[in-house]
Amino acid sequence: MLFRSEVNDQDIDLPFGITEAADFSVKVPVPGDLVPATRKICVRMDEPDIILVNDIEDQSTDAILLNAQLNLNIIQTREKLSFDMTVDDLRGHTCKFDRKIRERSMAQILKPTNMAMIYSQDYESRRTSIDMNLSSLVMNVSPASIMILLQSYNTFMENFQVEVVELPETEKDEVSEENLWTTSDIKEEESWYLKADEALDPLQMDITSVASSVSGLADEHLMFKVAQLIVTIESGRGNNTVPLVLLESRVQGDVRNWSSRLWVGASLEVEAAYYNSKVALWEPIIEPTPKMLRNGQYVYKRWGLDLNYIINSKNELGSALLSPNYPADENDGFIVPESLPPLTEMKLSSSQPLQITITRTFLSVLNKLTESFSMSGLEATVSRALKEDPQIGRAHV
């Protein structure tokens, strides 16, 4: 692992104790020089083993092994924070946690892929920009891998739960009968109902709740893109699995202002098929749509779907002024319920016809898929050894 930090101007090499040899250097400013407040941090990790286990107390428990190479460069100034991160050769396997049988029990669930992310934040203009790109994401999803993730998440979250300690009820203060009729002085400054009202200055009133302050909110923008997404849903565990459903897609979209007025816009292309084990063929569920070119030839494109999700302001005045239905041209335009947009809007649209095929074999595959990924099916996958699936053919000598 390599770690480097820079803050102008001299080099001091210090050891950094992280299992392997590391490099850590700090640049100390020379007295009297004008030092720009700039911090640079470089982090590199080569092939760490990230292991998620099903049962931490069992050495032979099922686990998910993730490996990747991480490069992270951070630059921070007084006005701006930016960093770029790349994850190369990210891959995952299900296996046994025991090192003696780990190698021969490995089954790939995530094929090698690359990911890049660029983050930029400007403190003065309050702008945040994030750009994420995935070249390809090819996954095999099975009940065993889902159960490992579920158990790991539950164990991780249990450590963050705060135990609520019920305190005994405090005894009420007993009123002494001797002081019951004793007279006491009344002070106006101690009684809230006798205090003078505080005057408010109209020039200093907080108007952040109205729509005129929208320009002062932070501008946040996230762009994401997955060039190729292939998900194979399987039944079984380890290397003894049977494919059920195959999903191929391409996703890209934008997310804006997630801390104030959330807006999400995404577009995806979908193609799906199911596996018919009787004939050992993939049969289509959602088929590509044909499109005729000018030369008379046909090209096939995946079915496209557009998604828009908006969360409007909970403040009625702010929502009305930002609503396209608000009569801004009329001087006597009143705010009425008809001019207020809903708090949440979601829109699904497609300009292409949806060609979907449903057969009796697909319904049986769908029924098996539901049983395998139900909670009872997930628990049965972990609690007992995998029985021979009648759909798996084995050669006997």
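Residues numbered from 1 in each chain as written. Predicted model: local features only at pLDDT ≥ 70, side-chain atom pairs only at ≥ 80, totals over all residues. Heavy atoms only, no water.

Q: Just give me the short version of the overall build of the protein chain, but keep the residues and values in it.
A: In terms of helices and strands, the protein chain carries five helices and 18 strands. Split into buried and exposed, the 397 residues of the protein chain put 27% on the buried side. For the protein chain, contacts bridging at least 24 residues in sequence account for 59% of all contacts bridging at least 6. Carbon and sulfur atoms form 54% of the exposed surface of the protein chain, whose accessible area is close to 28400 Å². (Helix = DSSP H or I, 4+ residues; strand = E, 2+ residues; numbered from the N terminus. Buried < 20%, exposed > 50% of the residue type's maximum accessible area, 1.4 Å probe, protein only. Contact = heavy atoms within 4.5 Å. Areas by Shrake-Rupley, 256 points an atom, 1.4 Å probe, with all protein chains shown as cover.)

Q: Now, about unusual backbone geometry: what can you tell me, with residues and values included?
A: The phi torsion at glutamate 47 lies on the positive side, around 50°, for a residue other than glycine. Locating glutamate 47 in the fold gives a position in the loop between β4 (39-46) and β5 (50-53). One non-glycine residue, aspartate 89, adopts positive backbone phi at about 55°.

Q: So what about the nonpolar core? Which residues, and what values?
A: Membership of the largest hydrophobic core comes to 16 residues, with the highest contact counts inside it found for Leu72, Phe83, Met85, Met117, Tyr119, Ile130 and Val255. Contributions of two or more residues to this core are made by β4, β6 (62-76), β7 (80-96) and β8 (107-122). No other element matches the four residues that β7 contributes to this core. Setting aside residues up to four positions removed in sequence, leucine 72 forms contacts with Ile41, Cys42, Val43, Phe83, Asp84 and Met85. Among the nonpolar cores identified, the runner-up in size contains twelve residues, and Ala272, Tyr274, Phe362 and Leu369 belong to it. (Core = buried A, V, L, I, M, F, W, Y, C linked by side-chain atoms within 4.5 Å.)

Q: Go over the pattern of salt bridges, please, and point to the residues and values.
A: Here the structure, examined in full by the defined rule, presents six salt bridges. Notably, a salt bridge pairs aspartate 89 with arginine 91, separated by 3.0 Å at the nearest N-O pair. Accessibility expressed as a relative area gives 32% for aspartate 89, which makes it partly exposed. Glutamate 271 is paired through a salt bridge with arginine 302; the nearest N and O atoms lie 3.6 Å apart. You can see glutamate 271 sitting in strand β13 (residues 263-276) and its partner arginine 302 sitting in the loop between β16 (298-301) and β17 (303-311), a full 31 residues away along the chain. On the accessibility criterion, arginine 302 (23% relative accessible area) is partly exposed. What emerges from the salt-bridge pattern is a single network uniting Glu47, Asp89 and Arg91. (Salt bridge = Lys/Arg side-chain N within 4 Å of Asp/Glu carboxyl O.)

Q: Give a detailed account of the confidence of the model for the protein chain, specifying residues and quantitative values.
A: With 67% of its residues at a pLDDT of at least 70, the protein chain reaches an overall mean of 76. Throughout residues 7-26 the model reports pLDDT below 50, and contacts reaching past four residues in sequence, or to other chains, amount to 40 contacts. A low-confidence stretch, residues 385-397 (pLDDT under 50), is modelled with 15 contacts involving residues beyond four sequence positions or located in other chains. (pLDDT = per-residue confidence, 0-100.)

Q: Give me helix α4 (residues 360-372): which residues, what numbers.
A: Taking 1.5 Å of rise per residue, 13 residues should cover 18 Å, and α4 covers 19 Å from first to last C-alpha, within 8% of that figure. Among all positions of α4, only Phe362, Val365, Lys368, Leu369 and Ser372 are buried. Each buried residue of α4 sits inside an arc of 120° when the element is viewed along its axis, so together they form one side. More than 90 degrees from the buried face of α4, the exposed residues found are Arg360, Thr370 and Glu371. (Expected span 1.5 Å × (residues − 1). Arc of directions from axis to C-beta.)

Q: Give me the lowdown on the environment of isoleucine 286, citing residues and values where you can.
A: With respect to the helices and strands, the residue isoleucine 286 is situated in strand β14 (residues 281-286). The class of isoleucine 286 is buried, set by a relative accessible area of 15%.

Q: I'd like to hear about the environment of proline 353, residue by residue, with values.
A: Within the secondary structure, proline 353 sits in the loop between β18 (344-349) and α4. The exposed category is assigned to proline 353, whose relative accessible area is 54%. Distance from proline 353 to glycine 304, taken between C-alpha atoms, is 9.1 Å for residues 49 residues apart in sequence. Once residues lying within four places of it in the same chain are set aside, the contact partners of proline 353 are Thr289 and Trp303.

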